[in-house]
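Spelled out, the chains give:
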Amino acid sequence: MILTDELIKASETKIFKAIFPNTTNHYNTLFGGTALHMMDEASFICATRFSRKKVVTISTDKIDFTKPIPEGTIVELVAKVNKIGRTSCVVKVDIYMEKMYSKSRELSVTGFFTFVAVNEEMKPIPILD
């Protein structure tokens, strides 16, 4: 059996996106809801890769928007399992912002997403075998 630390490392998920005008608000920065959507997707992929089971989002916690993400930048979402319960796991997601034409990179958003493993009847099951 693969050790839990190895599963966590193997399931780390990274997604890159360009921030275009259709995802920004009237300040030309990324909509908060769009950032949350991207974070939920990255954390879902991470939790699924970690457990290899059907998982559902049951909560989000402590979303910190520390830097606005302007139009015309690149973001990297990094999702990693942060905590493991019997039927659930918590995934931490960081969004890093990069300017397209420089090497600058800044942490912009951090959040935590909790997932529960479920069976076909949508009842909780152990997250790991």
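A short tour of the structure in this document, coming up. Here the residue index of a chain counts from 1 through its sequence in written order. Thresholds applied to this predicted model are a pLDDT of at least 70 for local features of residues and 80 or more for the giving and counting of side-chain atom pairs; totals over whole chains, interfaces and linings are not thresholded and use all residues. Hydrogens and water molecules were not included; the side-chain quantities draw on all heavy atoms of the structure.

Turning our attention to the overall build of the protein. From N to C terminus, the protein includes 2 helices and 5 strands. Counting from the amino terminus, the protein carries its helices and strands in the arrangement α-β-α-β-β-β-β. In terms of overall dimensions, the protein has a C-alpha envelope of 45 × 30 × 20 Å along the principal axes. Exposure categories follow from relative accessible area, calculated using a 1.4 Å probe and restricted to protein chains: below 20% of the type maximum is buried, above 50% is exposed, and the middle band is partly exposed. Relative to its full complement of 129 residues, the protein shows a buried share of 39%. Contact criterion: two residues are considered in contact whenever any of their non-hydrogen atoms come within 4.5 Å of each other. If you take every contact in the protein between residues at least 6 apart in sequence, the share linking residues at least 24 apart comes to 70%. Side-chain charges in the protein split into 17 positive and 15 negative, and the spacing between the mean points of these groups amounts to 2 Å. Each helix is a run of H or I in the DSSP string that is no shorter than four residues. Each strand is a run of E no shorter than two, and both are numbered from the N terminus. By the counting scheme adopted, Arg and Lys are positive, Glu and Asp are negative, and His together with the chain ends is not counted. Charge coordinates come from a single atom per side chain, which is NZ of Lys, CZ of Arg, CG of Asp or CD of Glu.

Residues of helix α1 (residues 4-11) that are buried include every one of L7, I8 and S11, and no others. All buried residues of α1 fall inside an arc of 100 degrees around its axis, so they share one side. Exposed side chains of α1 directed beyond 90 degrees from the buried face belong to D5, K9 and A10. On its buried face, α1 is in contact with β1 (13-18), α2 (32-51) and β3 (73-84). Comment: arc refers to directions from the helix axis out to C-beta atoms.

This part is about unusual backbone geometry. If you check the backbone angles, N28 has positive phi at about 60 degrees while not being a glycine. Within the secondary structure layout, N28 lies in the loop between β1 and α2. Residue class for N28 comes out partly exposed when judged on its relative accessible area of 42%. The backbone phi angle of M122 is positive, close to 65 degrees, even though this residue is not glycine.

What holds strands together in a sheet is hydrogen bonding between their backbones, with the strands either parallel or antiparallel. Here a strand pair is declared whenever DSSP counts at least two bridges between the two strands. Pairing within the open sheet is antiparallel, and its 5 strands lie in the order β1-β3-β4-β5-β2. A strand with exactly one partner marks an edge of an open sheet, and here the two such strands are β1 and β2 (55-65). Along the sheet, successive strands turn relative to each other by an average axial angle of 25 degrees, direction set aside. To define axes, lines are fitted to C-alpha atoms, for helices over the stretch in contact only, and angles between the resulting N-to-C directions are given on a 0 to 180 degree scale. Along the sheet face, α1 touches β1 and β3 and points at about 160 degrees away from the line of β3.

With that settled, the discussion passes to the nonpolar core. Core analysis: the largest hydrophobic core is formed by 28 residues, its most contacted members being I69, L77, C89, V91 and I95. Of all the elements in the fold, those that place two or more residues in this core are α1, α2, β3, β4 (88-99) and β5 (105-117). The element that contributes the greatest number of residues to this core is α2, accounting for 7 residues. Once residues within four sequence positions are removed from consideration, I95 is found in contact with A35, M39, I69, V75, E76, L77, E106, L107, S108 and V109. As used in this record, nonpolar core signifies buried Ala, Val, Leu, Ile, Met, Phe, Trp, Tyr and Cys residues forming a set joined through side-chain atoms within 4.5 Å.

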